[in-house]
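Structural description and commentary
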Amino acid sequence: GSPLKPQAQEKKQQASPPLPRQNSKAVPPSPPKVITDKTRQQDFFRLHLLGEGGFARVYQVHDSQKRHWACKVVTKDSLKTKKAKTKLYAEIKIHRALEHPNIVSFQDCFEDDENVYMTLELCPNGSLMDLLRRRRRFTEPEARFFMVQLLGACHYMHTHQVIHRDLKLGNLFLDANMNVKVGDFGLAALIESPGERKKTICGTPNYIAPEVLFDTANGHSFEVDTWSIGVILYTLIIGKPPFQTKDVKSIYKRIRDNEYEFPAEREISVQARELIQHILTQDPQQRPTLHEILDDEFFTHGIVPSHLPNTTHNAVPDFR
Ligand code: ADP
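These remarks concern the structure in this document. (Residues numbered from 1 in each chain as written. Predicted model: local features only at pLDDT ≥ 70, side-chain atom pairs only at ≥ 80, totals over all residues.)

**Some words on the sheet that holds strand β3 (residues 57–63)**
Selection rule: If DSSP finds at least two bridges between two strands, the strands pair. The helix count covers DSSP runs of H or I at least four residues long, the strand count covers runs of E at least two residues long, and both are numbered beginning at the N terminus. To obtain each axis, a line is fitted to C-alpha atoms, and for helices this fit is confined to the stretch in contact; angles are then taken between N-to-C directions over 0 to 180 degrees. Each residue gets a C-beta atom placed from its backbone, and two residues are in contact if those atoms lie within 7 Å.
Read from one edge to the other, the open sheet built from six strands follows the order β1-β2-β3-β4-β6-β5, with strand pairing classed as antiparallel. Every interior strand has two partners, whereas the edge strands, β1 (34–37) and β5 (106–111), have only one. Each adjacent strand pair in this sheet contributes to an overall mean axis angle of 35°, direction not counted. As paired strands, strand β2 (residues 42–52) and β3 are joined by six bridges and run antiparallel to one another. The partner of Phe45 across the bridge, within β3, is His62. Taken strand by strand, helix α1 (residues 82–96) contacts β4 (68–75), β5 and β6 (115–120), and its axis lies near 150° from that of β5.

Right, dumping it as structure tokens:
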């Protein structure tokens, strides 16, 4: 079978460059304890807060059949401008159309007087960012496991004309079986005609492709996700993003100059180095395709675990 077929067996800091957004707004009131979807006559019981993003708060909820979900809550106060509404509608339109085992599944959306709610598949193991913080870095077999699933999801999105534009460890969630689930389609774009180019500068500083920043006249397309995948692979294995420095301006300078290195004290396979270098090519047209990435020796000449045990949370799993 195609290696890009779904692999699963059964997140977050957001910013909009050039400068990360400031969160100066007052804390909105909590959504009700019982959230009601009037049109479907369904109640959701609010449990704890799972996390907060740029404009949403996400709670764990359960329905009357005790099924658990993540519920993304956006206050209507934050949707007063036409721009904010358009952005949320775009996120909903794109996310609800996607169905893939490595993409957070979109259940439903509804509203009450105060908020708009989106019920999503619950990812009880947090994001790959949370996991990396605990583990500091991953072994190459673990990186292959996460990457194969991410590549499958990304290939699916691209064949459905969707560019995610904010792929990063904080937006890669983990289900109960440690499978990757791509989430947060808040910056995603739909390519509506072949060859269409996107011009909006968006993404997260560490993961943003050079053409988004420095080829604004020409615009960008699907290859921006490939770049982010290269940054993700480096970050999984090394433990910090390649272009990371003290401030956003110098991160952008390093991205422009393709300035990053592999720490000398670490043993990193030549296959991993070469694949990262190949993906992090300045010219988007020269970057490998997602198929080429999966066919790379990094994947074909190393262990790709079929699953990761839950002990992965705190220790290197044993793959034999
Ligand atoms: P925003 O679009 O406002 O940035 P996100 O979709 O990134 O919001 O969600 C914010 C946070 O909520 C995430 O970082 C994560 O901690 C949590 N979260 C989001 N979706 C889920 C989910 N499906 N399962 C579990 N936690 C989630």
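After presenting the structure, the write-up continues.
**Observations concerning the packing of helix α5 (residues 223–238) against helix α7 (residues 270–279)**
The criterion, for reference: Roughly parallel covers angles under 35 degrees, roughly antiparallel covers those over 145, roughly perpendicular covers 65 to 115, and oblique covers all other angles. Should the near helix be turned anticlockwise from the far one by less than a right angle, the crossing is left-handed, and should it be turned clockwise, the crossing is right-handed. Each residue gets one of three labels, nonpolar for Ala, Val, Leu, Ile, Met, Phe, Trp, Tyr, Cys and Pro, charged for Asp, Glu, Lys and Arg, and polar for the others, Gly among them.
Two elements in contact, α5 and α7, have axes whose closest approach is 8 Å; the angle formed by their N-to-C orientations is 150°. Relative to α7, the element α5 is oriented roughly antiparallel. Crossing angle aside, the handedness with which α5 passes α7 is left-handed. On the side of α5, the interface is formed by Thr226, Ile229, Gly230, Leu233, Tyr234 and Ile237, while α7 contributes Ala272, Leu275, Ile276 and Ile279. Of the residues belonging to the contact of α5 with α7, the class tally is eight nonpolar, two polar and no charged.

**Remarks on the packing of helix α3 (residues 140–159) against α5**
Running from N to C, α3 and α5 point in directions that differ by 160°, and their axes come no closer than 10 Å. Taken together, α3 and α5 sit at an angle that is classed as roughly antiparallel. Every pair of crossing elements has a handedness; the one defined by α3 and α5 is right-handed. Residue-level contacts link Glu140, Ala143, Phe146, Met147, Leu150 and Cys154 of α3 to Asp225, Ile229, Ile232, Leu233, Leu236 and Ile237 of α5. Residue composition of the contact of α3 with α5, grouped by class: 10 nonpolar, no polar and two charged.

**Comments concerning the pairing of β6**
Rules: With C-beta atoms placed from the backbone, the exposure class of a residue follows from how many other C-beta atoms lie within 10 Å of its own: 20 or more, buried; 12 or fewer, exposed; in between, partly exposed.
Burial of β6 is extensive: six of the six residues sit out of reach of the surface. Note: β4 against β6, six bridges, orientation antiparallel. From the neighbouring strand, Ala70 faces β6, where its bridge partner is Leu120. Pairing of β5 with β6 involves five bridges; the strand directions are antiparallel. Opposite Cys109, over in β6, you have Met118 as the bridge partner. Hairpin geometry of β5 and β6 is characterised by an intervening segment of three residues between the two adjacent antiparallel strands.

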